[in-house]
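If you want the building blocks of each chain, they are given just below.
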Amino acid sequence: MLNRILISAAMLVGLTGPTLAHIGVTPRGAAIGTTYRGSLVVGHGCAGAATTQVRVQIPEGFYNVRPMPKAGWQLETVTGKYATPFDSHGTTLTEGVKEIVWSGGELPDGQFDEFTFRGTFGAQLEVGTQFYFPVLQQCGDVEDAWIDTTGDAEAEFPAPSVELQPAAGHHQ
Ligand SMILES: [Cu+2]
């Protein structure tokens, strides 16, 4: 019986494949105003081809970002000005990481891996909204752009997102 349920679930997943997050970020929720350590989970390659580069955009509202280096991959960041300066323990930050690029590795289509970074969600963000981290996945010459931020369940290439939760200590 349990086997049968599992098989049915697997079939459902197969049928609704395009609506699932193919590159996701975990954990799926984060408290505003606190440090968030997120991992982009790359679940497969681009139409069978191995992933060779992962580029994530850091939108305004996620501050003081630091990527985690990854064995076998080169790490690069692109920095830029913040629209709203960020107060980090009394120090005003006016610029920071806007993009992280892990490149030069090779993640076969049949395997998955995680690309980790951390930062802080600004206090101006709205509780209950989704915060999107658009990702460009490159597989050699092929690129899949996971940049759809509409929240549409039918989106073919949804951007990974985190649900923003109330700041710690302010339970609703
Ligand atoms: Cu997928």
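Our structure's up above, just so we're on the same page.
So, a few notes on the structure that sits alongside this text. (Residues numbered from 1 in each chain as written. Predicted model: local features only at pLDDT ≥ 70, side-chain atom pairs only at ≥ 80, totals over all residues. Heavy atoms only, no water.)

## Comments concerning the coordination of the copper ion
Put simply, the ideal angle at a metal is 109.5 degrees for four donors in tetrahedral geometry and 90 or 180 degrees for six donors in octahedral geometry. Protein coordination at the copper ion comes from His22 (ND1) and His44 (NE2), with a distance range of 1.8 to 2.0 Å. Residue His22 is found in the loop between α1 (2–15) and β1 (23–26), and its partner His44 is found in the loop between β3 (35–42) and β4 (51–57); the two are separated by 22 residues along the sequence. You can call His22 buried: its relative accessible area is 17%. (Donors = N, O, S within 2.8 Å, 3.2 Å for Na, K, Ca; no water. Helix = DSSP H or I, 4+ residues; strand = E, 2+ residues; numbered from the N terminus. Buried < 20%, exposed > 50% of the residue type's maximum accessible area, 1.4 Å probe, protein only.)

## Side note on the sheet that holds β3
Read across the open sheet, the four strands follow the order β1-β3-β8-β5; overall the sheet is antiparallel. In this open sheet, the two edge strands, each paired with only one partner strand, are β1 and β5 (62–67). The mean inter-strand angle of the sheet, taken between neighbouring strand axes irrespective of direction, is 30°. Relative to strand β8 (residues 113–121), β3 runs antiparallel, the two sharing eight bridges. Bridging from a neighbouring strand, Arg37 pairs with Arg118 of β8. (Pairing = 2+ DSSP bridges. Axes fitted to C-alpha atoms, helices over the stretch in contact; angles between N-to-C directions.)

## A few points about the pairing of strand β11 (residues 142–146)
For strand β10 (residues 135–139) and β11, the ladder comprises five bridges, and the chain directions are antiparallel. By the bridge assignment, Cys139 is partnered in β11 with Val142. With antiparallel pairing between neighbouring strands as the criterion, β10 and β11 make up a hairpin whose turn holds two residues, including Gly140 at a positive phi of roughly 60°.

## Quick notes on unusual backbone geometry
With omega at 0°, the peptide bond leading from Thr26 into Pro27 counts as cis. Of note, Pro27 is situated in the loop between β1 and β2 (29–31). Residue Asn64 is not a glycine yet carries a positive backbone phi of 55°. You can see Asn64 is positioned in strand β5. Residue classification places Asn64 among the partly exposed positions, given a relative accessible area of 23%.

Read these as geometric descriptors, not functional statements.
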